[in-house]
Protein chains: 2
Amino acid sequence: MVERSPRERIVYSCAQLIRERGVTGTGVRDVVARAQAPRGSLQHYFPGGKEQIVHEALEWSAEFAASRVREYVEGTPAPTPGGLFAALAGQWQADLAARGFAAGCPLVAAAADIAASSDALRETIRDGFETWLAPLRAALHRMGLPVDRAAPLAVLMISSLEGAIVLARSQRDPAPLAAVAGELRPLLDAAAS
Amino acid sequence: MVERSPRERIVYSCAQLIRERGVTGTGVRDVVARAQAPRGSLQHYFPGGKEQIVHEALEWSAEFAASRVREYVEGTPAPTPGGLFAALAGQWQADLAARGFAAGCPLVAAAADIAASSDALRETIRDGFETWLAPLRAALHRMGLPVDRAAPLAVLMISSLEGAIVLARSQRDPAPLAAVAGELRPLLDAAAS
C-alpha cells in the first residue's frame, strides 16, 4: 500500500464520498475527517474550496478509470474488445461487492446532482468521460476496429457499464453487469474480426 | 393539457427537481413552490414528509417510463426490439433538448445520492426499475425473443439508455443516445429474427 499525502487523501476521500452520496451530500468537513487530514490542510491545498476538491476528485477518478483500460490492453496476451468489456465489468462487480453496493461511479453521481447547476463542474464531468473514452477508443482501434466503429462502441461500452452499475446498486446484486457483459461480448468481438 | 390536482402537481414537481438536482438537493419548500400548491397541502397529503413525496415521485416516474414501452408496442404496426429502443432513445433526445440538458432520469439521480443511505428508497428505486423492465421484457418476448434473451437484453437496453443520458447531459449533446441506438439496433433485431 502506497502512503498517500494529506493532499492526496483529501482528493481520494472526496471521490469516495461522492460515490456514496453525490456532490451535494458531500461536506468538506466529512472529506477532511475521512482523509484523517489536519483541518488547516484544506485551506492550504485547496484555496478554491469544495469546488476545487470536487474537480480534482473527478479528475482523479477519470484517470483511474482510464488506467484500467490501459492495464487490460498491456497485460493481456490476446486482447479483444469483448474481453476488455468483460474485464471492466468484472472489476466493477468486485468493487460493488467489496463496498456492499454503497458506492457507484463518481462521474455519474456528479452528473446527476450538479451538472445542471454548475457549468464548470459539468465541463469537468464531460472532460472526465473523455479521459476514459479516449484510451478506450484507441484500444478498440488497436484491436482491429475501424475508427468509425471504435467511437460509437466506446460510447456503448461506457453507457451500458454506467447504467448497469446503477441497476446493480439498486438491486444490491451484480447480475446486471454480468448481463450486459454477456450480451455485448459477441457484438464487440464480431466488430473486431 | 390535463389539469393536475395540487397533490399530483407536488409529486410531478418533486420528480422534476430530482431529475435536475438529485434527492439531497431537492427541498420540500422548492417542491411546493414549483407545484404552486398551498403550503398546507404538503402536510395534508404527505404526512410521511419528504421521504413519502420522493417515494411517490419515483413511482410516478417509473410508471411513466413503462407507459412509453406500452405506447410503442400498441402504436406501431410492425414493432421490433431495435425500433423500440430507437423510440425510447429518441424520446430522451427530445426531452433532453427541450430541457436544455438540465434534467436526467430521476431513478438514476436517486440511486446516485440516496441508495446507500436509505434502504427504503433504495427498494423504491429497485422496484421502479422493475416497473420499467417488466413491460420491456414482455414486449421483447412478444416480438419473438425467447425468455432467456428477453431478460438480459431488457437490462442492456435500460443500462445503455441510462448511461447515454448521463453522457449526453455532461456533453450537452444528444449524440451518445444516437450512438447507442445505432449500435444496438442490429443486435436487438437479430435476436428477434
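Just so you know, these numbers come straight off a predicted model, no measurement behind them. (Residues numbered from 1 in each chain as written. Chains lettered and ligands numbered in written order. Predicted model: local features only at pLDDT ≥ 70, side-chain atom pairs only at ≥ 80, totals over all residues.)

J.: Would you explain the overall build of chain A in this entry?
T.: Helix and strand counts for chain A come out as nine helices and zero strands. Along its sequence from the N terminus, chain A presents helices and strands in the succession α-α-α-α-α-α-α-α-α. Its C-alpha radius of gyration of 17 Å places chain A within 12% of the 16 Å reference for a compact globule of 193 residues. For chain A, the spread of C-alpha atoms along the principal axes amounts to about 55 × 35 × 30 Å. Residue burial in chain A is summarised as follows: out of 193 residues, 51% are buried. Counted over contacts in chain A with a minimum sequence separation of 6, partners at least 24 positions apart contribute 71%. (Helix = DSSP H or I, 4+ residues; strand = E, 2+ residues; numbered from the N terminus. Rg over C-alpha atoms; globule rule 2.2 N^0.38 Å. Buried ≥ 20, exposed ≤ 12 C-beta atoms within 10 Å, placed from the backbone. Contact = placed C-beta atoms within 7 Å.)

J.: Sorry if this is basic, but what is going on with helix H6 (residues 106-114) of chain B here?
T.: Note on helix geometry: an α-helix contains 3.6 residues per turn, so any two residues three or four positions apart are oriented the same way. Extensive coverage of H6(B) is indicated by the burial of nine of its nine residues. Those residues of H6(B) lying buried are Pro106(B), Leu107(B), Val108(B), Ala109(B), Ala110(B), Ala111(B), Ala112(B), Asp113(B) and Ile114(B).

J.: Where do I start with the interface of chain B and chain A in this structure?
T.: In many reports, interface size means the accessible area that the parts give up when they come together. Contact residues are listed per partner, giving 42 residues for chain B and 43 residues for chain A. The leading source of residues in the side of chain B that touches chain A is helix H8 (residues 147-171) of chain B, at 16 residues. Here the residues of the side of chain B that touches chain A are counted per class, giving 23 nonpolar, eleven polar and eight charged. (Nonpolar A, V, L, I, M, F, W, Y, C, P; charged D, E, K, R; others polar.)

J.: In this structure, what is going on with helix H1 (residues 6-21) of chain B? I would like to understand it.
T.: With 16 residues, H1(B) should cover 22 Å at 1.5 Å per step; its first-to-last C-alpha distance of 22 Å lies within 8% of that length. One or two steps after H1(B), the chain reaches Gly22(B), where phi turns positive at roughly 80°. (Expected span 1.5 Å × (residues − 1).)

J.: I would appreciate a short explanation of the relation of the copies chain B and chain A in the present structure.
T.: Relating the two copies of this chain is a rotation about some axis coupled with a shift parallel to it. It takes a turn of 180° to lay chain B on chain A, together with a shift of 0.0 Å along the axis; the resulting RMSD is 0.0 Å. Taken together, these values place the two copies in the relation of a two-fold axis. Considering only C-alpha atoms, the residue of chain B closest to the rotation axis is Ser160(B), which sits at 1.9 Å. Taken as a fraction of all interface residues of chain B, those also at the interface in chain A reach 100%, which identifies the copy contact as same-surface. (Least-squares fit on C-alpha atoms with pLDDT ≥ 70 in both.)

J.: What am I meant to see in the environment of Leu145(B) here?
T.: All names here are of chain B. As for its placement among the helices and strands, Leu 145 is situated in the loop between helix H7 (119-142) and H8. With 20 C-beta atoms packed within 10 Å, Leu 145 lands in the buried category. Placed 44 residues apart in sequence, Leu 145 and Asp 189 show a C-alpha to C-alpha distance of 9.4 Å. With near-sequence residues (within four places) excluded, Leu 145 lies in contact with Pro 81, Leu 140, Ala 150, Leu 153, Ala 191 and Ala 192.

J.: Just to check I follow, could you spell out the environment of Ala110(B) for this structure?
T.: Residues and elements named next belong to chain B. Mapped onto the secondary structure, Ala 110 falls in helix H6. C-alpha separation for the pair Ala 110 and Leu 133, spaced 23 residues apart in sequence, amounts to 18 Å. Each residue touching Ala 110, except ones within four places of it in the same chain, is listed here: Ile 18, Val 23, Leu 58, Ala 115, Leu 121 and Ile 125.

J.: In this structure, what is going on with the packing of H1(B) against helix H4 (residues 49-75) of chain B? I would like to understand it.
T.: Packed helices, taken two at a time, are described by their axes: the angle between them and the distance between them. Residue and element names in this part refer to chain B. The interhelical angle for the contact between H1 and H4, taken along N-to-C directions, is 85°, at an axis separation of 8 Å. Compared by their axis directions, H1 and H4 come out roughly perpendicular. Residue-level inspection shows Ile 10, Val 11, Tyr 12, Cys 14, Ala 15 and Ile 18 of H1 in contact with H4, the latter providing Ile 53, Val 54, Glu 56, Ala 57, Trp 60 and Ser 61. In terms of residue class, the contact of H1 with H4 is made up of ten nonpolar, one polar and one charged. (Axes fitted to C-alpha atoms, helices over the stretch in contact; angles between N-to-C directions. Parallel < 35°, antiparallel > 145°, perpendicular 65-115°, else oblique.)

J.: I'm lost on the packing of H4(B) against H6(B) in this one. Help?
T.: All names here are of chain B. Viewed as axis vectors pointing N to C, H4 and H6 meet at an angle of 140°, and their least axial separation amounts to 9 Å. Between H4 and H6, the angle falls in the class oblique. Taking contact as the criterion, the partners of Ala 57, Leu 58, Ser 61 and Ala 62 in H4 are, on H6, Pro 106, Leu 107 and Ala 110. Residues of the contact of H4 with H6, tallied by class, amount to six nonpolar, one polar and no charged.

J.: Where do I start with unusual backbone geometry in this structure?
T.: Among all residues except glycine, the phi angle is most often negative; among peptide bonds, the trans geometry is most common. Even without a glycine there, the phi angle at Gln36(A) is positive, about 50°. Within the element layout of this structure, Gln36(A) appears in the loop between helix H2 (28-35) and helix H3 (40-45).

J.: I tried to follow the environment of Gly100(B) on my own but got confused; where do I start?
T.: For Gly100(B), the position within the fold is in the loop between helix H5 (81-98) and H6. Along the sequence, Gly100(B) and Ala190(B) sit 90 residues apart, while their C-alpha atoms lie 35 Å from each other.

J.: Got a minute to help me understand the confidence of the model for chain A in this structure?
T.: Scored by pLDDT, chain A comes out at a mean of 96, with 99% of its residues at no less than 70. Interface scoring of the predicted complex returns ipTM 0.97; its pTM is 0.97. (pLDDT = per-residue confidence, 0-100.)

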